[in-house]
Amino acid sequence: MKGYKATSICDMAILKRSFAHMTISSQPAKSQRVLDAEKRLEQARNALKDARNAENRQKRKIEDRQKIILGGALLKAAEGDERFSNVIDALLKRLSREQDVKAFHDHGFATPRPVQTQGED
């Protein structure tokens, strides 16, 4: 196309499309090897992120289970020992979040107490 002179806007548009793949850049285009390595790096980063998320979910699951087990043990202990009932009462008084208070108050929670027998008083 050496020596070709664009005579119209249409001709200029054709020329522009013909040379669109040519860029004025000081850096050469990335090789396929570099592109592949960048893709593998991104995949590895995503895999690491997924692994960390899975590990954190597992830790939360274990912590939640531990809390449930301890809570159940505390409630069971309160059925036989007034000291544990008092601990539950004190813990309930420390709740500050409205939704936490409602979880007990709105559902008729009663602190377990040891059963008093006739001979005890």
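This text follows the structure it describes.
The following paragraphs examine the structure supplied in this document. (Residues numbered from 1 in each chain as written. Predicted model: local features only at pLDDT ≥ 70, side-chain atom pairs only at ≥ 80, totals over all residues. Heavy atoms only, no water.)

### Topic: the packing of helix α2 (residues 32-78) against helix α3 (residues 82-94)
So, step 1. Running from amino to carboxyl end, α2 crosses α3 at an angle of 125°, the nearest separation of the two axes being 7 Å. Taken together, the axes of α2 and α3 are oblique relative to one another. From α2, Leu-74, Leu-75, Ala-77 and Ala-78 reach across to α3, where they touch Phe-84, Ser-85, Val-87, Ile-88 and Leu-91.
So, step 2. In terms of residue class, the contact of α2 with α3 is built from 8 nonpolar, 1 polar and no charged. (Axes fitted to C-alpha atoms, helices over the stretch in contact; angles between N-to-C directions. Helix = DSSP H or I, 4+ residues; strand = E, 2+ residues; numbered from the N terminus. Parallel < 35°, antiparallel > 145°, perpendicular 65-115°, else oblique. Contact = heavy atoms within 4.5 Å. Nonpolar A, V, L, I, M, F, W, Y, C, P; charged D, E, K, R; others polar.)

### Remarks on the pattern of salt bridges
So, step 1. According to the stated counting rule, one finds 7 salt bridges in the structure shown.
So, step 2. Notably, a salt bridge pairs Glu-55 with Lys-59, separated by 3.9 Å at the nearest N-O pair. Here Glu-55 pairs with Lys-59, and both are found in helix α2, just 4 residues apart, close to one helical turn.
So, step 3. Overall, Glu-55 belongs to the partly exposed group, its relative accessible area being 47%.
So, step 4. Lys-59 gets classed as partly exposed once you look at its relative accessible area, which sits at 46%.
So, step 5. The closest approach of N and O atoms between Asp-100 and Arg-97, which form a salt bridge, is 2.9 Å.
So, step 6. By relative accessible area, Asp-100 is classed as partly exposed at 24%.
So, step 7. A single salt-bridge network, built from bridges that share partners, covers Glu-82, Asp-89 and Arg-113. (Salt bridge = Lys/Arg side-chain N within 4 Å of Asp/Glu carboxyl O. Buried < 20%, exposed > 50% of the residue type's maximum accessible area, 1.4 Å probe, protein only.)

### Examining the packing of aromatic side chains
So, step 1. In the structure shown here, the tally under the stated rule is 1 aromatic pair.
So, step 2. Their ring planes at 80° and their centres at 5.1 Å tell us that Phe-104 and Phe-109 sit as a pair that is edge-to-face.
So, step 3. For Phe-109, a relative accessible area of 32% translates into the label partly exposed. (Phe/Tyr/Trp six-rings, centres within 6.5 Å; stacked < 30°, edge-to-face > 60°.)

### As for a nonpolar patch on the surface
So, step 1. Taken together, the side chains of Leu-75, Phe-104 and Phe-109 define a hydrophobic patch exposed on the protein surface, amounting to about 220 Å² of accessible area.
So, step 2. The class for Leu-75 is partly exposed, based on a relative accessible area of 33%. (Patch = residues over 30% accessible without salt bridge, like charges linked within 9 Å, V, L, I, M, F, W, Y side chains within 5 Å. Areas by Shrake-Rupley, 256 points an atom, 1.4 Å probe, with all protein chains shown as cover.)

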